[in-house]
Each structure stands twice: as C-alpha cells, then as structure tokens.
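# Working through the structure, step by step
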Number of protein chains: 2
Amino acid sequence: MFDDLRFNEAGLIPVVAQDASTQAVLMLAWADKAALEATLRTGFATYFSRERQQQWVKGETSGHTQQVRAVYVDCDRDAVLYLVHQTGAACHTGSYSCFQEALIADRVVN
Amino acid sequence: MFDDLRFNEAGLIPVVAQDASTQAVLMLAWADKAALEATLRTGFATYFSRERQQQWVKGETSGHTQQVRAVYVDCDRDAVLYLVHQTGAACHTGSYSCFQEALIADRVVN
C-alpha cells in the first residue's frame, strides 16, 4: 500500500512523530517501506536508522515505545505523520521531545 | 548561527511547521541556511523549494503566510520545527494541513 509514496533516492521518507494526547511534535526520523509496513502490522512506530542502516523499533531497548494511533501521508506523498501514544521520553537524551532547543522563542505575532 | 546544523548533501534540512494555536502539524518542507536566516530575519516562514531550486516564502503568492513564533532544532541537529501562526490554509490544495490522508486512523491503543 506504500507503492505510491515518494521515497528518496535511498528509499526513505521522513516521518514526523506527534503525541496524540499532548499534540507535541516529538521527533523526526526516517522510514523505508518495510518500516512503514511493520508500523502498520505491529502498531508500534518503526523507523529506519540511517546511521546503523537497519530497521529500528522505537523503544525496543529503552522501553520508550510509541503505539501508533494513526498514520497520515502529506499532499505530495513525500512525508508521513505518525500520531502516537508515547511511553516515557521520546528523545534518546531523556527529553520528552527531541525538539528542545529554541533558536528563537516567544516572538510576538500580531 | 546555523553553522552547526547538519544539512544534507544538498545543503538542506527538513522543517516541520506546526500551528502554534491548534498544535496541528501543517506541513513538512525543506530549508537551506539562507532560508532559515530569512525566517529569523523576517519572521515569516521561509523554505527552499527542491523542485524549483529556489528560496520560497510560504504564502508569498497565496497570502497564506506563516508568522513564526518560535524555531526549534532537534537533538541531533538535523531537523527543525517552526511554530507558526498560520493565515488561511497551509496546504496548496486548500486544506488546512498537508497531512490529510489517513493510511490508518483511530487505532485503539490500550
């Protein structure tokens, strides 16, 4: 069912993981077709590690799994959104979200 | 200030845009260093179009701009999050968010 997604030249597609409860953006990682299939089959967020060049079930060793509530694809079919129930911290640093460091914050918008 | 970000081999980094009010994930696009600098300088979300190979101010023609409230970088410095005030639809299809199509939805999580 992922044949019409637009994977990059390495066969990967970026995946945004968002907490289904808090709506926080937790992380951005990558998946290949097999990782997307595993996510749908198992219900646990699965990615492809570019550094280790292998499939990676989030939380497999840490226990900080992501149970997937929904999977969305974007309009041009080159990005995916996992809506997840996050157990523990999403980030390997121990932070709840990987997006902790603000380059700018609290800018006033009229 | 972006010298320590990990841009890809094309000089780009993925950017997630999230609505600061609704918390919805609106889109995933790409930015180069100049687009990030323009975003911080102008306060309007700026990207780099891979198709057109040029800088792109979101909403420049449609009026559907994104005023940037905050910019975050992730733990491994290879992804960026724009927290924005979205005017009108974020998606070029007219949808509020680019992530409209559910591959799976409403999966029950215990």
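The text that follows walks through the structure, step by step, so that each part is easy to find.

Cut-offs applied
- Residues numbered from 1 in each chain as written.
- Chains lettered and ligands numbered in written order.
- Predicted model: local features only at pLDDT ≥ 70, side-chain atom pairs only at ≥ 80, totals over all residues.
- Least-squares fit on C-alpha atoms with pLDDT ≥ 70 in both.
- Contact = placed C-beta atoms within 7 Å.
- Helix = DSSP H or I, 4+ residues; strand = E, 2+ residues; numbered from the N terminus.
- Pairing = 2+ DSSP bridges.
- Buried ≥ 20, exposed ≤ 12 C-beta atoms within 10 Å, placed from the backbone.
- Axes fitted to C-alpha atoms, helices over the stretch in contact; angles between N-to-C directions.

For the rest of this paragraph, the subject is the relation of the copies chain A and chain B. Relative to chain B, chain A is turned by 180 degrees and slid 0.0 Å along the rotation axis, the superposed coordinates differing by an RMSD of 0.0 Å. Read as a symmetry element, the transformation amounts to a two-fold axis. Across chain A, the smallest distance between a C-alpha and the rotation axis is recorded for Gln23(A), namely 2.9 Å. Mapped onto chain B, 100% of the interface residues of chain A again fall at the interface, so both copies present the same surface.

The next point concerns the interface of chain A and chain B. Across the boundary between the two partners, chain A contributes 36 residues, which contact 36 residues of chain B. When residues of the side of chain A that touches chain B are traced back to their parent elements, those giving at least two are strand 1 (13-19), strand 2 (25-31), strand 5 (66-73), strand 6 (80-86) and strand 7 (101-104) of chain A. In this structure, strand 7 of chain A lies alongside strand 5 (residues 66-73) of chain B, joined through three bridges in antiparallel fashion. Bridging from a neighbouring strand, Ile104(A) pairs with Val71(B) of strand 5 of chain B.

The phi dihedral of Gln23(A) falls on the positive side, at around 70 degrees, and the residue is not glycine. Secondary-structure assignment places Gln23(A) in the loop between strand 1 and strand 2. Here Gln23(A) falls in the partly exposed class, since 14 other C-beta atoms lie within 10 Å of it. A positive phi angle is found at Gln53(B), which is not glycine, with a value near 55 degrees. Here Gln53(B) is to be found in the loop between strand 3 (46-49) and strand 4 (54-57). C-beta crowding within 10 Å serves as the criterion here: with 8 such atoms nearby, Gln53(B) is assigned to the exposed category.

Our focus in this paragraph is the sheet that holds strand 1 of chain A. Within the open sheet, the five strands sit side by side as 2(A)-1(A)-6(A)-5(A)-7(B). Their pairing is mixed. Every interior strand has two partners, whereas the edge strands, strand 2 of chain A together with strand 7 (101-104) of chain B, have only one. Along the sheet, successive strands turn relative to each other by an average axial angle of 30 degrees, direction set aside. Sheet analysis places strand 5 of chain A next to strand 6 of chain A, joined by seven bridges and oriented antiparallel. What sits directly across from Gln67(A), in strand 6 of chain A, is His85(A). Against the sheet, helix 1 (residues 33-42) of chain A contacts strand 2, strand 5 and strand 6 of chain A together with strand 7 of chain B, and its axis sits at roughly 120 degrees relative to strand 5 of chain A.

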